[in-house]
Amino acid sequence: MAEVEETLKRIEAHKGVIGTIVVNAEGIPIRTNLDNSTAVQYAGLLRHLTMLARSTVRDIDPQNDLIVLRIRTKKYEIMVAPENGFLLIVIQNPCE
Amino acid sequence: MLQDEEEGVDTGDGWDEWSHGKALTKPADQLELTEAELKEEITRILTANNPHAPQNIVRYSFKERSYKPTSVVDQMAVHFVLEGSLLHQDSDEARRLRAKEGLPEGTEPDEEKPETPATPVEDGGEVEEAGEEDRPDSVASKTDKKEPKLTNQFNFSERASQTLNNPLRVGRICNNTLFSLQWEIYDVYVEELQKQEKNKEKQKAIPSKKDNEKSKKKMMLMETQGDDFTKVGKASKIFERMVNQNTFDDIAQDFKYFEDASDEFRDQEGTLLPLWKFQYDKAKRLSVTALCWNNKYQDLFAVGMGSYDFSKQGRGMLVFYSLKNSAFPEYIYPTNSGVLCLHIHEQHSHLIAVGFYDGCVAVYNLKEEGLEPVYKSTAKTGKHTDPVWQVRWQNDDMDNNHNFYSVSSDGRVVSWTLVKVSQEIILVLYTDILLASILILVVQRLTFHKQIDYLFLVGTEEGKIHKCSKTYSSQFLETYNAHSMAVDAVKWNPFHPKVFISCSSDWTVKIWDHTINTPMFTFDLNAAVGDVSWSPYSSTVFAAVTTDGTVHVFDLNINKYEAICQQSVVAKKKTKLTHIEFNPIYPIIIVGDDRGYVTSLKLSPNLRKKPKAKKGQELPKGPEVEIAKMEKLLSLLREPEQNAV
């Protein structure tokens, strides 16, 4: 528990990282350093996308599974990972 | 029949006779019968049979292929047919006829109209009434004219009463939630399989049911603790690496793809490209005392932290880094005393042997949780009395136990074995290899031969190197007067079985053939040499680090007298480089210094040269080539010696 907490703190403190969000199985952000409305918005939207991506990967080969989905946009990079029903989201600006 | 007719005719004639008088006339063709025959009584049977119906109708039967008489013959005699024209008054046709008749009636009142004014007024009313009577009829007939629609009495419904029914589509109803995807099916199957396995296990483990229940209760408690982000543990690790990769993207790209193009112009020299820099906050005061790459996971390396300074002894640290994450170590083990040496087991890369400044040796297991070593030597089990300078894993012994050697300045070379004693594995001191009684050795370095298992070299603080054998524990096989100061490193060549290299604080690096007492090559590096290491890809390439912060890379195949690369890799001039190691597969080296930093550098192509193939010849590969290369060099050196001798 503490290890994960530390890792998340390190990620948040890392250069260029705008924010992290941990979303639980019901779609509610349980830990974030962004404001609540943004977090909720990200959680809701990315949940659907991740489910769709996961479904695509597994449809091709059911023994395969999605680990990370990386969305590189003009302004920053969004990284989403589904795990155990939870969702971990990190937004980083890599070119700072 | 004929007689009937006859009689009938008779009676007929009889009537005719009445009208015309009684005159018996015999027709010409009348049968003449005797009186007896005339009196004969003949019975007449009245049947309903048709006398005209044929009695011998024959039909051809294809089944029996012959003509067969039909048994039943139609006996109906039609006497009179008249087609009737009667209609039921309520039937449709009748109504239609009436309507038609009504029309001419309707026109008639019109014709009568002009006549009515002609008739006297009294009649006019009657006629008008009649006309009126006719008119309603005509109106009715007119409305009747809009004939009632012919409808199917079984299957008709008014259009106005119909609702819009879309035709049933034969085909899939596309609704995302109803899609049965391949993976959903797969998941269900996997669940079923697991359930079946659980059932099997339950059947087997019936006596331990109570324990299961207890453990189940515990499990329940854990799960109801609520949102736990240990569940994203794995993902967070991956993310840390990804975030680092993004930040140090250019370094990662360089590591993978950059090849210094200017090497072509630089004749034979090469350069070192600095890549990641590894440092750990809590280890800032410590210096790097040992480096070791992991053979299995070639991006993982171990760093031992401690201090070489006699006066500054304190705690130490064992830290593991991965190239994938340069910001934070993968594993951290704080230790009580400074780490002086470490070695990762070549086959079981989760076992690490560590030697400490206080003379202890320990074995860490990366697979185990916890920060303590799995096995540690204590005063009872025979730890060294002086700092342990080198540890080295050996191949498993005959009982398949892991074992390693340690060397310390108390003069002992000790072999430790991990022995299974009553279900536990403990560290057992096996043999003291060299007894200090022979010589007061202050042994510092130890290296084992790769192929010849029993042969090893020890370097001492006095500057001598001794060749020893595991089997002859009381005597040295050979002694080399190598250096004037302490030997800092002794290493066998990974390819050539006879060659080893040594370096010392007397500023020199020497290469030896173990059969010859004098060095083959000597290099003066203008500063105390901290460490030297052979490269894993070539038998003639090696690198050395000095206390002035420079890395020297030599390739004997290219230049026998000078380094092909001399580069300062430290930020501050006062930092001393303490250790250097080549990565087993990637073209990078890691260099540790006395400030606790580990820097990774990429070797430029010139430093990794393979011998050029002559045109048309295939380039031979394999360790034999390397050995041959070295042998060629050595033979060149030997020949002048022989000539001189």
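All figures in this text were calculated on a predicted structure; none of them were measured in a lab.

What about the overall build of chain A?
Step number 1: Along chain A, the regular secondary structure elements total two helices and five strands.
Step number 2: Listing the helices and strands of chain A from first to last along the sequence gives α-β-β-α-β-β-β.
Step number 3: In chain A, which comprises 96 residues, the proportion classed as buried is 44%.
Step number 4: A sequence separation of at least 24 residues applies to 39% of the contacts in chain A between residues at least 6 apart.
Step number 5: Carbon and sulfur atoms provide 54% of the accessible area of chain A, an area that totals close to 5,200 Å².

A few points about the sheet that holds strand β4 (residues 287-293) of chain B
Residues and elements named next belong to chain B.
Step number 1: With antiparallel pairing, the four strands of this open sheet are ordered in space as β4-β5-β6-β7. Single-partner strands in this sheet number two, and they are β4 and β7 (331-335). Here the strands of the sheet are splayed against their neighbours by 15 degrees on average, with no regard to which way each runs.

With respect to the packing of aromatic side chains
Residue and element names in this part refer to chain B.
Step number 1: Under the defined criterion, the tally for this structure stands at 24 aromatic pairs over all chains.
Step number 2: With centroids separated by 6.3 Å and ring planes inclined at 5 degrees, the aromatic side chains of Tyr308 and Trp389 adopt a geometry described as stacked. Residue Tyr308 is found in the loop between β5 (300-306) and β6 (316-322), and its partner Trp389 is found in strand β12 (residues 388-394); the two are separated by 81 residues along the sequence.
Step number 3: Accessibility expressed as a relative area gives 12% for Trp389, which makes it buried.
Step number 4: Between Phe500 and Trp512, the ring centres sit 6.0 Å apart and the planes meet at 10 degrees, which makes this aromatic pair stacked.

Details of helix α2 (residues 36-60) of chain A
An α-helix turns once per 3.6 residues; consequently, residues spaced three or four apart project the same way.
Step number 1: Taking 1.5 Å per residue as the helical rise, α2(A) with its 25 residues ought to reach 36 Å, and the 36 Å between its terminal C-alpha atoms agrees with that figure.
Step number 2: Residues A:Ala39, A:Tyr42, A:Ala43, A:Leu46, A:Thr50, A:Ala53, A:Ser55 and A:Arg58 constitute the buried set of α2(A).
Step number 3: Looking at the packing, one finds that the buried side of α2(A) touches β1 (17-23), β2 (29-32), β3 (69-72), β4 (77-83) and β5 (86-92) of chain A together with α5 (182-204) of chain B.

Quick word on the sheet that holds strand β23 (residues 521-524) of chain B
Pairing between the strands of a sheet is mediated by backbone hydrogen bonds and can be parallel or antiparallel.
Residues and elements named next belong to chain B.
Step number 1: One open sheet accounts for four strands, arranged β20-β21-β22-β23; its pairing is antiparallel. The sheet is open, and its two borders are formed by β20 (487-492) and β23, each paired with just one other strand. Averaged over all pairs of adjacent strands, the angle between their axes in this sheet comes to 15 degrees, without regard to strand direction.
Step number 2: One ladder, built from four bridges, connects strand β22 (residues 508-513) with β23; its direction is antiparallel. Of the residues in β23, the one forming a bridge with Val509 is Phe523.

Looking at the pairing of strand β8 (residues 339-344) of chain B
Step number 1: The element β8(B) is largely enclosed, with a buried count of six among its six residues.
Step number 2: Here β8(B) folds back onto strand β9 (residues 351-356) of chain B in antiparallel fashion, the turn holding six residues.

So, the interface of chain B and chain A
Step number 1: Contacts between chain B and chain A engage 27 residues on the former and 36 residues on the latter.
Step number 2: Taken together, both faces of the contact between chain B and chain A bury some 3,000 Å²; the carbon and sulfur share is 66%.
Step number 3: For the pair chain B and chain A, the number of links is two salt bridges.
Step number 4: One salt bridge connects A:Arg10 with B:Glu240, and the closest N-O pair in it is separated by 2.8 Å.
Step number 5: Counting across the interface, chain B meets chain A through 13 residue pairs in polar contact (both at pLDDT 80 or more).
Step number 6: For the side of chain B that touches chain A, the secondary-structure elements that each account for two or more residues are α5 and α7 (233-247) of chain B.

Quick look at the UniProt feature "repeat: WD" (unreviewed entry) in chain B
Step number 1: Listed under "repeat: WD" (unreviewed entry) in the UniProt record, and renumbered for this structure, are residues 480-513 of chain B.
Step number 2: The distance separating the terminal C-alpha atoms of residues 480-513 of chain B is 11 Å; by composition the span is 0% helix and 59% strand.

Comments concerning the environment of B:Tyr333
Residues and elements named next belong to chain B.
Step number 1: Mapped onto the elements, Tyr333 comes out in strand β7.
Step number 2: Sequence separation of Tyr333 and Val319 is 14 residues, and the distance between their C-alpha atoms is 6.2 Å.
Step number 3: Beyond its immediate chain neighbours, meaning those up to four positions away, Tyr333 contacts Met317, Leu318, Phe320, Tyr364, Asn365, Leu366, Gly370 and Leu371.

Conventions and cut-offs
Residues numbered from 1 in each chain as written. Chains lettered and ligands numbered in written order. Predicted model: local features only at pLDDT ≥ 70, side-chain atom pairs only at ≥ 80, totals over all residues. Heavy atoms only, no water. Helix = DSSP H or I, 4+ residues; strand = E, 2+ residues; numbered from the N terminus. Buried < 20%, exposed > 50% of the residue type's maximum accessible area, 1.4 Å probe, protein only. Contact = heavy atoms within 4.5 Å. Areas by Shrake-Rupley, 256 points an atom, 1.4 Å probe, with all protein chains shown as cover. Pairing = 2+ DSSP bridges. Axes fitted to C-alpha atoms, helices over the stretch in contact; angles between N-to-C directions. Phe/Tyr/Trp six-rings, centres within 6.5 Å; stacked < 30°, edge-to-face > 60°. Expected span 1.5 Å × (residues − 1). Buried area = accessible area lost by both parts, 1.4 Å probe. Salt bridge = Lys/Arg side-chain N within 4 Å of Asp/Glu carboxyl O. Polar contact = N/O pair within 3.5 Å; in protein donor to acceptor, adjacent residues only side chain to side chain. UniProt positions renumbered as here; feature names shortened; annotations may be inferred.

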